[in-house]
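A closer look at the structure
Here are the chains, one letter per residue:
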Amino acid sequence: MANVLSVLKEAMDDDIRNQVAIFEVVTVKNIMETEGLKVAEKAAGMVNSVGRLLGAKNRLVKDLRPRSIDEQIDDKIEECAHDSRGMLDAELRGLLVERLELEDEASDERIAKELVKRAAEYMEIDEVLTSAEMTDAVLQQYKNQQEKKTGWPALAMLGVWQQMTGTSKVDGEVYCQLISMAGSVYGRNFAPEDDDLPDWIMGREADTRQEIEESDASYLAREEELKEARFAREVAERNLREARRSEEAARAELEMHRKHIEEIQVWLDNYDNMRVSQEIELGVLQGQLVSAASDAKRSARTINKLKRAIVQQRKKLASLHAERESNLATLGNAPQREMELRKLIEQAEAESASALEACHEAEDEYEFARAARDEERRRRIENISRSMEEWFEQEYGGKAYELYEVILNQLAMTNNEHRIGVFKAIKQVLDADTPKDLGNKVSDESLRLPIKGTGMFLVYEADEVGKIKFVRFTDGDSLSELQREKEEKQRLEHDEGQMIEEMA
């Protein structure tokens, strides 16, 4: 993938020489020193003017005559006029590494990525973009702002302001003009364009486009059929659960009915004993009342109390009799009620059987729909995998790569517009000289690259020898889960290693 540094290799020697001069001369410190000398020059002129008015024949203060930033740039250009292209490239790279505060051995991708990141911060671009897309965004915004620029002298006030606030306006301007020059040399967007992708993904020809549309429509239809079958299965399962609950409730009611009949039978068996006991108690109370009435010493209060007890005892006997009649009636109706409950159970069993059959049919339809969807997905995976292999072999025959099954499934399941975004991200990784420096780290192994316009990220792995493994694409919220998976995998591998060592 083209980046600012790789494009600069195609620039003219004079362009590189000019950039070396700019990066060496245009610094906050140098701008402030130059502006300070200008102020001092004006002060010296005023002192000499006063001296002449007072009759001084010679200048009281020597003229400083500071050289402007543009003049200093011209001086630097002339100084390295005879440097070879290799020397110029090395000097510009060293100036970039120093200003960006990177290690000397940083790769071109790492330097270009940091350069564009600093320029984007200066241009206040905060979108989630790949380095190439961010380069294009910087170029466009910088171009739009060029009409407001007045050259390097305008950076003087920026230099003073930066010194007071600690921001990087001067550096940002220098970074942007270098990116602008690289853009002019490259003459096109840095991010992959539609023309960079193969016909089988873009559908430029009418028949190819129709094939893509039909394939997407067919898969969406299979997904919709599966969705409907899944819903029908859920409804059938819910009906089956309700039918089985009704059947269980009817059986439980029959069991309760039988227990109740058994309890009634036991009660009736004990009825005579309970009646005799209550009658004896009533007779005792009546005897006590007769005794109290004949005893003149007994009070009226005692007699009334015995009368109330006799009334209560008679009510108990009446209640016992009424309960006996009710139980006898229940016992008489028991066969009919049991028959009703048995019919209710039979009805519930029939409904359960019907619901179970419907559930099996819905399950069969769901499995059929899922098989059809899976077959459609498998066919799409095969087509995508075969087409990708042909594209990789044609464009990247020397690259070592691996496509995980997860990302192939995802590509088969998404629409073509989304796939185009994924393939543009894949192309950026494959085009990079050092893929591991292109994306942002998710874990020790995994990197992520934004997929423009989707809110998703391409997750891949790149080792030191340049082998690339495309893992999946995922949203930002899932990245932490991916990192946890990696950490858990590493922990298990570590534990297994320790176990092997202990066993040895």
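Residues numbered from 1 in each chain as written. Predicted model: local features only at pLDDT ≥ 70, side-chain atom pairs only at ≥ 80, totals over all residues. Heavy atoms only, no water.

Okay, the overall build of the chain next. The number of helices and strands found in the chain is 16 helices and five strands. Counting every position in the chain, which comprises 504 residues, the buried fraction comes to 38%. When contacts within the chain are restricted to residue pairs at least 6 apart in sequence, long-range pairs at least 24 apart make up 70% of them. In the structure as shown, the chain presents an accessible area of about 30,100 Å², 49% of it carried by carbon and sulfur atoms. (Helix = DSSP H or I, 4+ residues; strand = E, 2+ residues; numbered from the N terminus. Buried < 20%, exposed > 50% of the residue type's maximum accessible area, 1.4 Å probe, protein only. Contact = heavy atoms within 4.5 Å. Areas by Shrake-Rupley, 256 points an atom, 1.4 Å probe, with all protein chains shown as cover.)

Turning next to the pattern of salt bridges. According to the stated counting rule, one finds 38 salt bridges in the structure shown. Several salt bridges converge on common partners, so that one network encompasses Glu24, Lys76, Glu79 and Glu91. (Salt bridge = Lys/Arg side-chain N within 4 Å of Asp/Glu carboxyl O.)

Another point: a negative patch on the surface. Side chains of Glu205, Asp207, Glu211, Glu213 and Glu214 sit close together on the surface and give a patch of like negative charge. Following the sequence through the fold, Glu205 ends up in the loop between helix H10 (199-202) and helix H11 (206-269). Exposure remark for Glu205: the relative accessible area of 47% places this residue in the partly exposed category. (Patch = residues over 30% accessible without salt bridge, like charges linked within 9 Å, V, L, I, M, F, W, Y side chains within 5 Å. Lys, Arg positive; Asp, Glu negative; His and termini not counted. Charge placed at Lys NZ, Arg CZ, Asp CG, Glu CD.)

This part takes up helix H5 (residues 85-100). Along its 16 residues, H5 runs 22 Å from first to last C-alpha, staying within 8% of the 22 Å computed at 1.5 Å per residue. When H5 is considered as a whole, its buried residues turn out to be Arg85, Leu88, Leu92, Leu95, Leu96, Val97, Arg99 and Leu100. In this structure, the buried residues of H5 make contact with helix H1 (4-8), helix H2 (13-25), helix H6 (108-122) and helix H9 (169-186). Downstream of H5 by one or two residues, Glu101 has phi in the positive range, about 60 degrees. (Expected span 1.5 Å × (residues − 1).)

The next thing to look at is H2. Here H2 spans 18 Å end to end across 13 residues, near enough to the 18 Å set by a 1.5 Å rise per residue. Those residues of H2 not exposed but buried are Ile16, Arg17, Gln19, Val20, Ala21, Ile22, Phe23 and Val25.

A cluster of nonpolar side chains, Val276, Ile280 and Val284, forms an exposed patch at the surface whose accessible area comes to about 240 Å². Along the polypeptide, Val284 turns up in helix H12 (residues 271-294).

Moving on: the sheet that holds strand E1 (residues 401-403). The strand order across the open sheet formed by five strands is E1-E5-E4-E3-E2, and the pairing between neighbours is mixed. Here the strands that pair on one side only, and so sit at the sheet edges, are E1 and strand E2 (440-441). Taken strand by strand, helix H14 (residues 405-413) contacts E1, strand E4 (456-462) and strand E5 (468-475), and its axis lies near 50 degrees from that of E5. (Pairing = 2+ DSSP bridges. Axes fitted to C-alpha atoms, helices over the stretch in contact; angles between N-to-C directions.)

It is worth spelling out the packing of aromatic side chains at this point. Inspection of every chain in the model, using the stated rule, returns nine aromatic pairs. Ring centres 4.9 Å apart and planes at 35 degrees place the aromatic pair Tyr186 and Phe190 in the tilted group. Since its relative accessible area comes to 3%, Phe190 is described here as buried. Each ring, one from Phe392 and one from Tyr396, has its centre 6.4 Å from the other, and the planes form 75 degrees; the classification is edge-to-face. There is no split in this pair, since Phe392 and Tyr396 are both buried. Feature note: the residues Trp200, Trp391, Phe392, Tyr396, Tyr401 and Phe423 constitute an aromatic cluster, connected by ring pairs. If you follow Arg233 out to its NZ or CZ, it ends over the ring of Tyr366, 3.8 Å from the centre. In this structure, Arg448 is placed above the aromatic ring of Phe457, and the distance from its NZ or CZ to the ring centre is 4.3 Å. (Phe/Tyr/Trp six-rings, centres within 6.5 Å; stacked < 30°, edge-to-face > 60°. Lys NZ or Arg CZ within 6 Å of the ring centre and 35° of its normal.)

Moving on to the environment of Ile451. Within the secondary structure layout, Ile451 lies in strand E3 (residues 446-451). Measuring from C-alpha to C-alpha, the distance between Ile451 and Val422 comes to 6.1 Å, with 29 residues separating the pair along the chain. If sequence neighbours within four positions are ignored, Ile451 has contacts with Gly421, Val422, Ala425, Met456, Phe457, Leu458 and Phe473.

Attention now goes to the pairing of E5. Pairing of E1 with E5, which is carried by three bridges, proceeds in the parallel orientation. Following the sheet pairing, Glu402 is matched in E5 by Lys469. Pairing analysis gives seven bridges linking E4 to E5, with the strands arranged antiparallel. Residue Phe457 lies in a different strand from E5, and its bridge partner there is Thr474.

A few words now on the side chain of His418. Relative to the elements of secondary structure, His418 occurs in helix H15 (residues 416-431). Leaving out residues up to four positions away in the same chain, His418 has contacts with Thr454, Met456 and Phe473.

This brings us to the pairing of E3. On a regular strand, one side chain projects to one face of the sheet and the next to the other, so that they alternate. E3 sits mainly inside the fold: five of its six residues count as buried. Relative to E3, E2 runs antiparallel, the two sharing two bridges. In the sheet register, Lys441 faces E3, and the bridge partner there is Leu447. Linking two consecutive strands that pair antiparallel, namely E2 and E3, is a turn of four residues. Bridge count between E3 and E4: six bridges; the pairing is antiparallel. Within E4, the position partnered with Ile451 by the bridge is Met456.

The subject of this paragraph is the side chain of Arg373. Tracing the backbone through its elements, the reader meets Arg373 in helix H13 (residues 300-395). If sequence neighbours within four positions are ignored, Arg373 has contacts with Tyr219, Arg222, Glu223 and Leu226.

With that out of the way, let us pick up the packing of H13 against H15. Put simply, H13 and H15 touch, their axes get as near as 13 Å, and they point 30 degrees apart. Here the hand of the crossing between H13 and H15 comes out right-handed. On H15, the residues that touch Arg380, Ile384, Met388, Trp391 and Phe392 of H13 are Arg419, Phe423, Ile426, Lys427 and Leu430. Split by residue class, the contact of H13 with H15 holds seven nonpolar, no polar and three charged. (Left-handed = near helix turned anticlockwise from the far one by under 90°. Nonpolar A, V, L, I, M, F, W, Y, C, P; charged D, E, K, R; others polar.)

The subject of this paragraph is the packing of H12 against H13. Between H12 and H13, whose axes approach to 9 Å, the crossing angle comes to 165 degrees. Classified by the angle their axes make, H12 and H13 are roughly antiparallel. In this structure, H12 crosses over H13, and the sense of that crossing is left-handed. (Parallel < 35°, antiparallel > 145°, perpendicular 65-115°, else oblique.)

Turning next to the confidence of the model for the chain. With 82% of its residues at a pLDDT of 70 or more, the chain shows a mean pLDDT of 83. The weakest mean pLDDT in the chain belongs to helix H8 (residues 155-165) at 49; the strongest belongs to H5 at 93. In this model, residues 43-48 is a region of pLDDT below 50 whose contacts with residues beyond four sequence positions or in other chains number eight contacts. Here residues 163-167 scores under 50 on pLDDT; set against residues more than four positions off or in separate chains, the count is four contacts. (pLDDT = per-residue confidence, 0-100.)

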